Amino acid sequence: MLGMYRSRLGKNLDQHTLDYVSSISDDSEIAIYDIIGSQAHSIMLYENKILNKTEVKKILAALEKLKKQNLSAKSSAEDIHELIETMVIKKTGLEAGGKMHTARSRNDQVALDLRMKIRDDINTICSCILDMVETLILLAEKHTATAMPLYTHLQQAQIGTFSHFLISYSDALLRDFERLYDTFERVNHSPLGAGPIGGTSLPINRNSTAKMLGFFAVVENSIDATSNRDVVAEYVGNIAILMTNLSRIAEDLVIWSTSEFSFVELSDQFSSPSSVMPQKKNPDILELTRGKTARVIGNLVAILSNLKGLASGYGRDLQEIKPSVFLSSRTAISALVVLNSMFATLKVNKQKMNQIADSGYLAALDIAEALVKEGLPFRTAHKIVGKLVQIAHESKISLSELTSSEVTRSVADKEFDAKKLGKIISSINAQSSLKNRSSLGSSGIAEQNRLISKRKSKIKQYRNNVTKRTSQITLAIERLSSRVKMLSK
Ligand code: ARG
């Protein structure tokens, strides 16, 4: 039998070509949206007297049955839209089912399905981000006084706290949340009813289908509605940035869980063994997070490359965008879930962190700032402490172990009283440094508590916002579903 759309062509595709052309296996991700969208479209056609009561009843009932059917089965359809229409016609006969595709095209249909899928994915990912941020903040609360070295160039820089790191991760993730949250506004517009590209002469109501499906409004220009995928690129771009943040976090944990650092230990549940070295406990999950991030970045590049040379109006190239989107969503969701559990079960080696923070030359800047407080120009203070570090390094001792004659040598130019300098050195340690650090957003202990409580209220507010959005969509779909029930009676 000739394929449903092929009257102009007279011949079917051979199996190999069909496999090449078909998107049916990717389309399982949007099947449910295609069914719901078709129900809204059919009700709108009925409202506008394009379908009669009997016809809409049959179509809606057939679509409802399809919700429970496995649509991924092998078929000769080129995509889910063709498959669903064929099955509806099979169930209802051509008389009714043959009218379902009136005043729409697969071009506005696929754009609709993709937007419905992405808006759901955004809400899911936003919730997953908040779950992870919550875990990070809970952990941070326990470590506001856990001193640890901060690094620049991966060289010891200043004394900090573990909580400060965790809050910095939270802040990056909250920005990821905000980006996705903003993108939702642009995604949540309906392209349905744009037709193939230029609209229709039939009396449809695009606002009605948009409302039934829980959209804010329509994508107004029908050329734009069917051609644009910039919001899709924006979404995957956000996911790529989110994954880049997760990848950086993963890399920190990889470093800190080495035997050389031993700042943290991953739970056995989230570690992998070696097939040959019995002692190994490998951070494979973290490494895969880095690896999967590369794939998501690849997805973004694939989408942008697809779009950049495309003429306006639907081109089949656009079909290839879909797997990049679905894979990105899946990766982001599982990365967030897995990393969240990893942090929730992380063993933190407080002693080791504190011990390293108190050794070496991490207090150098604190000593220099103490000299500034005594009235020295910062440049002079920098020079004196630089000398102190040089002498200590030569003798392979820490700053607190310097003898008084070594301290005297560092102020050879008599810029500062050596005895006083010795007192300053011995008064500074990791804890005093953290107590005195007071600038906004710094590692200071007092700042940690302020930062944490601010983020806690942000999480609460953001959760409410996501819940509100999710329930708006759920409500619209429930209303649609009861109309379907009423009309199929
Ligand atoms: N399978 C197609 C896609 O995913 C659906 C749209 C097909 N439209 C067309 N004019 N060939 O993009």
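Let me sum up the structure you'll find in this document. (Residues numbered from 1 in each chain as written. Predicted model: local features only at pLDDT ≥ 70, side-chain atom pairs only at ≥ 80, totals over all residues. Heavy atoms only, no water.)

1. Focus: the overall build of the protein
And step 1. A tally of helices and strands in the protein yields 19 helices and six strands.
And step 2. Against the 2.2 N^0.38 benchmark of 23 Å for 489 residues, the protein shows a C-alpha radius of gyration of 31 Å, more extended than a compact globule.
And step 3. The buried share of the protein, taken over its 489 residues, is 51%.
And step 4. Looking at the protein alone, contacts between residues at least 24 apart form 76% of all its contacts between residues at least 6 apart.
And step 5. Surface summary for the protein: the accessible area is close to 23,600 Å², and the carbon and sulfur share equals 54%.
And step 6. Looking at charge distribution, the protein has the averaged site of its 64 positive side-chain charges lying 4 Å from that of its 51 negative ones. (Helix = DSSP H or I, 4+ residues; strand = E, 2+ residues; numbered from the N terminus. Rg over C-alpha atoms; globule rule 2.2 N^0.38 Å. Buried < 20%, exposed > 50% of the residue type's maximum accessible area, 1.4 Å probe, protein only. Contact = heavy atoms within 4.5 Å. Areas by Shrake-Rupley, 256 points an atom, 1.4 Å probe, with all protein chains shown as cover. Lys, Arg positive; Asp, Glu negative; His and termini not counted. Charge placed at Lys NZ, Arg CZ, Asp CG, Glu CD.)

2. Looking at the site of the ligand
And step 1. Every residue lining the ligand is accounted for by Ser-23, Asp-79, His-81, Arg-106, Asn-107, Val-110, Tyr-314, Arg-316, Gln-319 and Lys-322.
And step 2. Asn-107 has a polar side-chain atom sitting 2.9 Å from a nitrogen atom of the ligand.
And step 3. Here Tyr-314 contributes a side-chain N or O atom positioned 2.5 Å from an oxygen atom of the ligand.
And step 4. A total of 350 Å² of accessible area belongs to the ligand in isolation, and the protein chains cover 87% of it.
And step 5. Residues of the shell around the ligand, tallied by class, amount to two nonpolar, four polar and four charged. (Near = heavy atom within 4 Å. Polar contact = N/O pair within 3.5 Å; in protein donor to acceptor, adjacent residues only side chain to side chain. Nonpolar A, V, L, I, M, F, W, Y, C, P; charged D, E, K, R; others polar.)

3. Notes on the environment of Thr-474
And step 1. Turning to its location among the elements, Thr-474 is positioned in helix α19 (residues 445–488).
And step 2. What makes Thr-474 partly exposed here is its relative accessible area of 37%.
And step 3. Sequence spacing of Thr-474 and Gly-214 is 260 residues, and the spatial spacing of their C-alpha atoms is 8.1 Å.

4. Some thoughts on the side chain of Asn-238
And step 1. By the secondary structure assignment, Asn-238 is in helix α10 (residues 230–256).
And step 2. Judged by its relative accessible area of 7%, Asn-238 falls in the buried class.
And step 3. Among the polar contacts made by the side chain of Asn-238, one reaches the main-chain carbonyl oxygen of Arg-179 at a distance of 3.5 Å.
And step 4. In this structure, Asn-238 is in contact with Asp-176, Arg-179, Leu-180 and Thr-183, ignoring residues within four places of it in sequence.

5. Points about unusual backbone geometry
And step 1. Positive phi, normally seen in glycine, also occurs at Lys-49, with a value near 60°.
And step 2. Following the sequence through the fold, Lys-49 ends up in the loop between α2 (31–47) and α3 (53–67).
And step 3. Taking relative accessible area as the criterion, Lys-49 reaches 74% and is therefore assigned exposed.

6. Quick notes on the pairing of strand β1 (residues 147–152)
And step 1. Most of β1 sits inside the fold, with five of its six residues counted as buried.
And step 2. By the bridge criterion, six bridges tie β1 to strand β2 (residues 155–161) in an arrangement that is antiparallel. Within β2, the residue paired with Tyr-151 across the bridge is Gln-156.
And step 3. From the end of β1 to the start of β2, which pair antiparallel, there are two residues, and His-153 there has a positive phi angle of about 55°. (Pairing = 2+ DSSP bridges.)

7. Comments concerning the packing of helix α6 (residues 106–142) against helix α7 (residues 162–187)
And step 1. It is at 9 Å that the axes of α6 and α7 come closest, and there the two elements cross at 165°. The angle between α6 and α7 places the two elements in the roughly antiparallel class. Crossing geometry of α6 relative to α7 is assigned as left-handed.
And step 2. Counted by class, the contact of α6 with α7 contains 23 nonpolar, four polar and four charged residues. (Axes fitted to C-alpha atoms, helices over the stretch in contact; angles between N-to-C directions. Parallel < 35°, antiparallel > 145°, perpendicular 65-115°, else oblique. Left-handed = near helix turned anticlockwise from the far one by under 90°.)

8. Looking at the pattern of salt bridges
And step 1. One pass over the structure, following the stated rule, counts 27 salt bridges.
And step 2. Residues Arg-455 and Asp-171 are paired through a salt bridge, measuring 2.6 Å at the closest nitrogen-oxygen approach. One end of the pair, Arg-455, is in helix α19; the other, Asp-171, is in helix α7, and 284 residues separate them in sequence.
And step 3. Exposure remark for Arg-455: the relative accessible area of 12% places this residue in the buried category.
And step 4. What makes Asp-171 partly exposed here is its relative accessible area of 21%.
And step 5. Linked by salt bridges that have partners in common, Glu-29, Lys-117, Asp-121 and Arg-330 make up one network. (Salt bridge = Lys/Arg side-chain N within 4 Å of Asp/Glu carboxyl O.)

9. Quick look at the packing of α6 against α19
A pair of packed helices is characterised by two quantities: the angle between their axes and the separation of those axes.
And step 1. Packing of α6 against α19 brings their axes to within 10 Å, and their N-to-C directions diverge by 155°. As summarised for this structure, α6 and α19 are arranged roughly antiparallel, according to the angle between their axes. Read as a crossing pair, α6 and α19 show a hand that is left-handed.
And step 2. Across the contact of α6 with α19, the residue classes break down as twelve nonpolar, three polar and nine charged.

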